[in-house]
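Examining the three-dimensional arrangement
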Amino acid sequence: MQLSGLVKDVAAWPGGQRLRALLAALALALAWVAPARSDVLPDDRADVLFHRYDGGGLVVEGPSVLVQKKVTEKFAVNAAYYVDQISSASIDVVTTASPYKEKRQQESAGFEYLQGQTTYSGGFIDSNENDYASKTAFAGVSQSMFGDLSTVSIGFKRTWNNVYRSLKNEATDETYRDPSFHQQNENHSYTLGLTQVLTRNLIGNFDFETDVDEGYLSSPYRQVRYLISGALGTPTAIIGTETQKYPNTRTSNAVSVGLKYYLPYHAAVDGSLRYFHDTWAIGAETLQLHYAQPVWQHWLFEGFYRFYRQNSANFYQDVFARIDEYNYYTRDKELSTYHANTLGVGLSYQFLVPRVRLITKATANLRIDHMMVQYENFRDERYSKLFVGGDNGHASYAGGEPLYVLNANVLQAFFSIWF
Amino acid sequence: MDSTRTTRRLKFVQRGLALSLLAALPALATTSATPAPDFQLSERGGTAPISLGQFKGQVVMLNFWASWCGPCREEMPILESIQRKYKPLGFTMLGVNVEPDAKAAEAFLKETPVSFPIAYDPQSKVSKLYDVEGMPSTVIVDRKGTIRFVHRGYKPGDENEYLNQIRALVRE
Amino acid sequence: MMRAPCVARVLFACGTLTALAACAPIQPWVKPYEREHLADPIMSLDPNPVSSDYLQHVFGVREASRGATGAVGGGCGCN
């Protein structure tokens, strides 16, 4: 009875205070409930990956390197280096500008500290490209409980972004930052996760994340179309363009549940479902299915299927009825309504390197994914702008172009060693 | 104001916390004085079953392990060296493998051979009997058959504790 | 909208602990010696973080949704 009265009192506290008190209580409880057994940090490893994305006229490739090493029994550090080498002639680029090449470099470093059943982790990510500089700091606590059957984790992440605009010197063909354009935005993210052993063969997991963005969330390159006069989809349509305009804030929530099941022949199948919703009225669902099976002596085969669909932001339109029709307007296809299917296969070969005693295990891996995206309210402007007379002689005019379809191939080739 | 009522309720909860903490203190104690339950399991490479009772008079270190458990594999060569050192003094290591299928254990033991007896507990009878709560688990039994020390898990450095405890019991 | 006193907030946290401490004696229903399948590397939830992080980045830059993926991503102006 005392406890229920206490709960009523706490319920009377202002919302933010209540949330903070609950998070603090949870963090304290996580540290307290731990019995004095010890866990282990993951094995030391190094991975070198080559990645290549090719789709819709855009090619992005580069290396990705990750190293994870225990400094002491309880303290491990990790570092990663990643590059996106971009050659873009994508639909957004060819209809509004000219193809370009760019390079994005990302470096990150982090640590993990184990104390009893609790793992504290943190890190920093730094990403740089011509027109965008992003810095992220994150920290998390993870607690193993109930005889190692459950793991509860909470995480915090903050990202600071600096947005610039690249201009091209037509004479020298060099790109440089437009000194008159510099915007910023910030992201705060909170995550809660639970991994639960359900049976001898089944693991479940649950993740929840809240993101809050503030600042300049738009892109200086993207334009929207609006109708000046005439009828859409007919030769009379006259279209104007203006730079898109985004709200200054965005809050989103995502929740996902997943299961992984051990199959009697040393294989495993897993699936997950994720729901997303935000204050821009975007709702999205993701379904992922994955299967892994050892084949022959040293090989592992994997199959992957992903279904994704989203509906557009409430300020998205392919063509607006007039200039400044609403307070905010975008034609960014990332915010349009579409659905996508992805199929992937992977093959891994596990081997030993007896001559190098340091290495306990090594794998060579290949993974190919094929993405098929069907846009539902984003039209393929190339038909009205670039293809004279439309496809196969079918006239295509602004507002009446076929809906855009994107097919992309994603390739990954990587080596991993454990030491 | 409301704050006095809240504070009074919280103070009550605080007292309840102190009491329940005492009750909920986990059994960190690694010493006990209960007799080690006897059991019979099939022995690796033997036709006759092996039992704990046949080692009465010796100090016995029961080690519950599995080939899929990393720390267990790490510990094995150390257990072998302990066996070699203390066997002449009236000590024996007794490994209890908890896997339902002996194949993986056999493959591991071929690579990492040991000279002490290994018993197979495929139905987890003895694991349940000894309330095994971590992998590996080590139970040290004295010459009279009483459980004296219990270790849960293994991390490098634990063998020093094992050696201290064995040395003490061997002198009895 | 009163500000709860600092002491009261700490004690509330301790009260939650009492409740959780009382839950601690739940016996694990999968014993440590029954975790053979769960310990198999094929049951790892994220066996190759370098690969899963990359794939999450590929999807993330094309989609409006974000979060609850298990990957901690940095920002980028990828468009």
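Here the structure is shown first, and the text comes after it.
Heads up: these notes are all about the structure in this document. (Residues numbered from 1 in each chain as written. Chains lettered and ligands numbered in written order. Predicted model: local features only at pLDDT ≥ 70, side-chain atom pairs only at ≥ 80, totals over all residues. Heavy atoms only, no water.)

1. Focus: the overall build of chain B
A tally of regular secondary structure across chain B gives 5 helices and 7 strands. Here chain B holds 172 residues, and 47% of them are scored as buried. Counting every atom, chain B has about 8800 Å² of accessible surface; 55% of that belongs to carbon and sulfur. (Helix = DSSP H or I, 4+ residues; strand = E, 2+ residues; numbered from the N terminus. Buried < 20%, exposed > 50% of the residue type's maximum accessible area, 1.4 Å probe, protein only. Areas by Shrake-Rupley, 256 points an atom, 1.4 Å probe, with all protein chains shown as cover.)

2. A word on the packing of aromatic side chains
By the definition in use, this model includes 24 aromatic pairs over all chains. Taken together, a centroid distance of 6.0 Å and an interplanar angle of 20° make the contact between Phe 75 of chain A and Phe 111 of chain A stacked. Placement of Phe 75 of chain A in strand β3 (residues 75-88) and of Phe 111 of chain A in strand β4 (residues 100-115) is noted, with a sequence separation of 36 residues between them. On the basis of relative accessible area, Phe 111 of chain A is assigned to the partly exposed category, the value being 32%. Centre to centre, the rings of Trp 296 of chain A and Trp 299 of chain A are 6.0 Å apart; their planes meet at 85°, and the pair counts as edge-to-face. A relative accessible area of 71% places Trp 296 of chain A in the exposed class. Grouping aromatic residues by their ring pairs yields a cluster made of Tyr 308, Tyr 338, Tyr 375, Phe 378 and Tyr 404 of chain A. The residue whose ring lies beneath Lys 361 of chain A is Trp 418 of chain A, and the NZ or CZ to ring-centre distance is 4.4 Å. For the cation-ring pair, Arg 62 of chain C lies above Tyr 53 of chain A, with the distance from its terminal atom to the ring centre recorded as 3.8 Å. (Phe/Tyr/Trp six-rings, centres within 6.5 Å; stacked < 30°, edge-to-face > 60°. Lys NZ or Arg CZ within 6 Å of the ring centre and 35° of its normal.)

3. Things to note about the sheet that holds strand β6 (residues 137-141) of chain B
Residue and element names in this part refer to chain B. With respect to topology, 7 strands assemble into an open sheet ordered β2-β1-β5-β4-β3-β6-β7, the strand pairing being mixed. The sheet terminates laterally at β2 (49-51) and β7 (147-152), the two strands that pair on one side only. Across the sheet, the axes of successive neighbouring strands diverge by a mean angle of 30°, strand direction being ignored. As defined by bridge partners, strand β1 (residues 40-43) adjoins strand β5 (residues 118-120) across 2 bridges and the pair is classed as antiparallel. Bridge assignment links Ser 42 to a residue of β5, and that residue is Tyr 120. Those strands touched by helix α2 (residues 70-86) are β3 (59-65), β4 (91-97) and β6, and its axis lies near 155° from that of β4. Contacts between helix α3 (residues 103-111) and the sheet are confined to β3, β4 and β5, with β5 contributing the most and set at about 170° to the helix. (Pairing = 2+ DSSP bridges. Axes fitted to C-alpha atoms, helices over the stretch in contact; angles between N-to-C directions. Contact = heavy atoms within 4.5 Å.)

Take it as geometry only, folks, not as evidence of what the structure does.
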